[in-house]
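# Structural overview
Here is how the chains run, residue by residue.
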Amino acid sequence: MSLDLSEKNAVLFDMDGVLYDSMPHHVAAWTRTFADFGMHMEPCDVYMNEGCTGSYTISKVSLEQRGREATAQEIEDIYAHKAEIFRTLPEVEIMKGALELMAGVRESGRKILIVTGSGQKNLISRVLRDFDGFIVREHMVTAFDVKRGKPFPDPYLKGLELAGVSASHAVVVENAPLGIRAGVAAGIDVIAVNTGPLPDSVLLDEKPAALFHSVGELADYWKSETVQGR
Ligand code: CA
């Protein structure tokens with residue numbers, strides 16, 4: 001694996017499936033929501049679509065299954081329903097290794113940003129509490145900050161702007177195929193962490209610079225690399 005961290009001044013973290021073990025909740029919420037609205041979504045489709053904004057996912061499924069785009073009102077209603085189901089589920093856990101990784105990144109002097117397609121307000125406010133000392137609101141890009149979400153490069157381009165660094169001086173940490181695609185499209189080296197059920201090949205197809213099998217594994221690697229690099 002050839003991942004040179006020496007020139008990287010900022011780390012842009014995805015949130016769901018990287019900082020939080022929240023994907024099983026999203027699977028439960030999306031599958032139930034689409035069923036409630038007379039459509040359907042398989043769990044693996046939730047993982048394949050992960051990273052996109054809710055409105056992008058809803059439009060896509062509506063077009064595929066109903067032969068028409070969802071209206072703005074439908075998108076709002078369906079997403080509100082999904083967010084409500086998500087809210088009623090038990091609180092999601094911080095991903096194992098995420099705090100250690102954040103500590104390692106901070107200790108090595110890099111800027112920390114979060115770039116998420118999420119519009120889940122409760123989780124966005126929680127991240128500021130859980131990762132207090134590592135992340136500030138001004139260093140977060142959410143579904144509310146860009147018109148086009150992942151897989152477009154826009155959220156990561158916005159992240160670079162907030163970090164004040166060029167693409168070559170940043171690195172992205174992502175778990176989803178379309179999230180990796182967004183980072184690569186922004187010209188940034190992407191570290192993939194395969195924390196879900198998809199085969200590695202699906203993530204590797206999107207051409208990340210490196211792949212780890214857990215956030216803890218990446219935290220250990222980060223520690224060894226930045227210690228060696230001193
Ligand atoms: Ca994710």
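Treat the numbers as computed from the prediction; the structure is a model and nothing was measured. (Residues numbered from 1 in each chain as written. Predicted model: local features only at pLDDT ≥ 70, side-chain atom pairs only at ≥ 80, totals over all residues. Heavy atoms only, no water.)

### Concerning the overall build of the protein
Going by this rule: Only DSSP runs of H or I covering at least 4 residues are called helices, and only runs of E covering at least 2 are called strands; the numbering of each starts at the N terminus. Each radius of gyration is computed over the set of C-alpha atoms, and the globule rule expresses the reference value as 2.2 Å times the number of residues to the power 0.38. For the exposure calls, accessible area comes from a 1.4 Å probe over protein chains only, and a residue counts as buried if that area is under 20% of its type's maximum, exposed if over 50%, partly exposed in between. Method for areas: the Shrake-Rupley scheme with a 1.4 Å probe, in which residue coverage is limited to the protein chains shown.
Counting its secondary structure elements, the protein contains ten helices and six strands. Scaling as 2.2 N^0.38, a compact globule of 230 residues should have a C-alpha radius of gyration of about 17 Å, and the protein matches this with 17 Å. When its C-alpha atoms are laid out on the principal axes, the protein stretches across 55 × 35 × 30 Å. By residue count, 53% of the 230 residues in the protein fall in the buried class. Approximately 10500 Å² of the protein is accessible, and the part contributed by carbon and sulfur atoms is 52%.

### Comments concerning the sheet that holds strand S2 (residues 111-115)
For clarity, the cut-off: One bridge is not enough; two strands pair if DSSP finds at least two bridges between them. By definition in these notes, contact holds between two residues if any of their heavy atoms fall within 4.5 Å. Between the N-to-C directions of two axes lies an angle of 0 to 180 degrees, each axis being a line fitted to C-alpha atoms and, for a helix, fitted only over the stretch in contact.
Across the sheet, six strands lie side by side as S3-S2-S1-S4-S5-S6; this open sheet has parallel pairing. Every other strand in the sheet has two partners, leaving strand S3 (140-141) and strand S6 (210-212) as the edge strands with one partner each. Pairing geometry for strand S1 (residues 10-13) and S2, over four bridges, is parallel. The partner of Val 11 across the bridge, within S2, is Ile 112. Packing against the sheet, helix H8 (residues 177-185) makes contact with strand S4 (170-174) and strand S5 (189-193), and its axis sits at approximately 165° to S5.

### Focus: the coordination of the calcium ion
Put simply, the rule is: Donor selection uses N, O and S atoms within 2.8 Å of the metal (3.2 Å for Na, K and Ca). Since no water is included, sites may look incomplete.
Protein coordination at the calcium ion: the donors are Asp 14 (OD), Asp 16 (O), Glu 50 (OE) and Asn 175 (OD1), at 2.1 to 2.3 Å from the metal. Look at where the donors of the calcium ion fall in the sequence and you get D-x1-D-x33-E-x124-N. On the basis of relative accessibility, which here comes to 8%, the residue Asp 16 falls in the buried class.

### Regarding the environment of Arg 32
Note that Arg 32 resides in helix H1 (residues 23-36). The sequence separation of Arg 32 and Val 141 amounts to 109 residues, and the corresponding C-alpha distance is 27 Å.

### Focus: the pairing of S1
Burial along S1 is two-sided: Ala 10 and Leu 12 and Val 11 and Phe 13, pointing in opposite directions, are all buried. In terms of strand pairing, S1 meets S4 through four bridges, oriented parallel. Bridge pairing links Val 11 to Val 171 in S4.

### Thoughts on the environment of Val 46
If you trace the backbone, Val 46 turns up in helix H2 (residues 43-49). Its relative accessible area of 4% is what places Val 46 among the buried residues. The spacing of Val 46 and Thr 57 is eleven residues in sequence and 9.0 Å in space, taken between C-alpha atoms. Non-local contacts of Val 46, meaning those with residues more than four positions away in its chain, are made with Met 23, His 26, Val 27, Trp 30, Thr 31 and Met 41.

### So, unusual backbone geometry
The omega torsion across Lys 150 and Pro 151 is 15°, close enough to zero to call that bond cis. By the secondary structure assignment, Pro 151 is in the loop between S3 and helix H7 (154-163). The phi angle at Lys 207 is positive, at roughly 65°, despite the residue not being glycine. Its location among the elements puts Lys 207 in the loop between helix H9 (200-204) and S6.

### Concerning H8
Given 3.6 residues per turn, any residue in an α-helix points the same way as the ones three and four places further on. Looking at H8, one finds that the buried residues are Pro 177, Leu 178, Gly 179, Ile 180, Ala 182 and Gly 183. Considering only its buried residues, H8 is in contact with H2, H7, S4, S5 and H9. Gly 187 lies just past H8 and shows a positive phi near 85°.

### Some thoughts on the pairing of S4
Here is the rule: We call a crossover right-handed when, viewed with the strands running away from us, the connection from the first strand over the helix to the second turns clockwise.
Among the five residues in S4, five count as buried, and that is most of the element. The alternating pattern of S4 places Ala 170, Val 172 and Glu 174 and Val 171 and Val 173 on opposite faces, both of which are buried. Bridge count for S4 against S5 is four bridges, and the pairing is parallel. Looking across to S5, one finds that Val 171 is bridged to Asp 189. Chirality of the crossover, the property in question, places the unit of S4, H8 and S5 among those that are right-handed.

Interpretation in functional terms is not warranted from these geometric data alone.
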